[in-house]
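One letter stands for each residue in the lines below.
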Amino acid sequence: MIRNPILKGFNPDPSICRVGDDYYIATSTFEWFPGVQIHHSKDLKNWKLIARPLNRVSQLDMKGIPDSCGVWAPCLSYSEGTFYLVYTNVKSFDGVWKDTPNYLVTTKDITGDWSEPIYMTSRGFDGSLFHDDDGRKWFMSMLLDHRNGKFFGGIELQEYSASKKKLIGEAHYLTPGTELGRTEGPHLYKKDGYYYIVLAEGGTEYEHAMTVGRSKSIYGPYEFHPDNPFVSAAEDKNNTLQKSGHGDLVQTREGDWYVVFLVGRPLTPHGKCTLGRETAIEEFVWKDDWPYLKSGSRVPRPEIPSPRLPEQPNGEPVVRTHFDQDQIPMVFQSLRVPITKDWCNLDVRKGFLRLYGKESLNSLHHQSLLGRRIQSFNVQVSTSLEFHPKNIHHMAGLVFYYNAGHYHYACITSNPEGTRKFLCIISSDNFKMSFQEELEDVTSSTRVVLRGDMHRDRLQFYFSLDNKEFKKIGSSLDASILSDDHVRNGRSRYRPAFTGSFVGICCQDLAMNIHHADFEWFVYKEIE
């Protein structure tokens, strides 16, 4: 059986393509750098992260962008020896206007270097590229409409010239979508004389859905599926997989059809999804030239039968990362800016990762933070560090992070005079800061191990001076603030919230941006 989700933790907006016997899924990364995650599989069950193609500022400049902006809804496709990747780099989201430039990069080698970006348009977001069987290529996206708070203006189509490397001709308006509304995430396919348009509708929360339309002409008009939505969990609030929608279709070499789509796994029915939006899969069949899930329902299942493909497991996941290697493991990402030696260095002290303190955890510009996705409801994460703060502006430690306004941070810091070294906990909920009252004095210790145990909606920090005996730091914390649902709901104004919880190491020097911390290892362990 294939157990859903197939890509756990923050991996939304999946775009899938097959090249021979190889399957690739690209997912959104928002403000995390490098941009776009690409996973590979041979069997649609076991997936391995193999590439993050947007790894240069010339491809992806995100310094200063708001939380949950940046890379939205990449579309990965393949044609005649070339991989194509369309993505949006959302620059602003507040107010009636949204700045959403769309770009295209290409490569012959999916794990190699990708091209410099080709600008497409800023008329909307969630761009995709369709390769027609007559050799023409078509760019499609949702259309932004700022008038009267409308926002979602429907779907439009424009031809792309690979030789001229730009959009050509006129934009064609295709459809406003169905009555579910909030129409976005379009993908186009051709089968048995029909063009099929697949849409994400109903918003990104518990009414989310995938809908399908078809037409004999690429320009429409598109008639819609008699039993839309094609995929949605909205009718079953107790289903394990919720928020299902925004997906893509693929056919195996054997002729079977599958759909991948995003889901959320709430802690309680219609509750908070601390792991963010993940990727799931279902098999579907064609009836009367319309797609239907093979299960007979539109609600996704926790498990589905494996396809007619030889299984190829990936082996055991890495639990302990020793910073005695030449490169930062791919599982780690940074916020908004590339991982460069001026702030994240493996060379200056062998066997350690040195982080040079930069801006605060509230910063949208240059943080010294290296994080990875939390992919299980129950995790134990620890790190060993050496840090010698000289004043209250120096901090370093272990952080459970959602965005610049929502995190829990166990750190080493100092008294104002720099004569004592303390452990403390700093939390932020909607930018409201709170501090644990009791400080642990570790002045006499060169090396400190910090640990965080996250069990669903609770987080407890610990420390040790010998990595054997651990003592609690402060009280249990509310881990549910590290979720889309918490960030988006109950606030004075809407905040985009589309990512998921991370855990990582970080260092701040709020005075001079130069004081450093040395980390020896990092352990991420999932607990059943």
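Residues numbered from 1 in each chain as written. Predicted model: local features only at pLDDT ≥ 70, side-chain atom pairs only at ≥ 80, totals over all residues. Heavy atoms only, no water.

Draft legend 1. How the structure looks around the side chain of Ser-28. In this structure, Ser-28 sits in the loop between β3 (22-27) and β4 (32-33). Given the relative accessible area of 0%, Ser-28 is considered buried. At 2.7 Å, the side chain of Ser-28 forms a polar contact with the backbone nitrogen of Ala-73. (Helix = DSSP H or I, 4+ residues; strand = E, 2+ residues; numbered from the N terminus. Buried < 20%, exposed > 50% of the residue type's maximum accessible area, 1.4 Å probe, protein only. Polar contact = N/O pair within 3.5 Å; in protein donor to acceptor, adjacent residues only side chain to side chain.)

Draft legend 2. Quick look at the sheet that holds strand β2 (residues 15-19). The sheet built from four strands is open, its strands ordered β2-β3-β5-β6 with antiparallel pairing. Both outer strands of the open sheet, β2 and β6 (48-51), are each paired with one neighbouring strand and no more. Strand-to-strand, the axes of this sheet are offset by a mean angle of 35 degrees, without reference to chain direction. With three bridges joining them, strand β5 (residues 37-41) and β6 adopt antiparallel strand pairing. For His-39, the partnering residue across the bridge sits in β6 and is Leu-49. (Pairing = 2+ DSSP bridges. Axes fitted to C-alpha atoms, helices over the stretch in contact; angles between N-to-C directions.)

Draft legend 3. Structural view of the packing of aromatic side chains. Using the criterion set out here, one finds 29 aromatic pairs in the structure. The residue whose ring lies beneath Arg-349 is Phe-352, and the NZ or CZ to ring-centre distance is 3.7 Å. A cation over a ring is seen here: Arg-451 above Tyr-462, with NZ or CZ 4.4 Å from the ring centre. (Phe/Tyr/Trp six-rings, centres within 6.5 Å; stacked < 30°, edge-to-face > 60°. Lys NZ or Arg CZ within 6 Å of the ring centre and 35° of its normal.)

Draft legend 4. Inspection of the pairing of strand β30 (residues 394-403) at higher detail. Of all ten residues that make up β30, ten are buried, and the element is covered over most of its length. Note that β30 and strand β38 (residues 502-509) share eight bridges and pair antiparallel. Each residue of the ladder has a partner; that of Leu-398, found in β38, is Ile-505. Pairing of β30 with strand β31 (residues 406-414), which is carried by seven bridges, proceeds in the antiparallel orientation. Bridged to Phe-400 within β31 is His-408. Taking the residues that link successive antiparallel strands as the turn, the β30-β31 hairpin has two residues.

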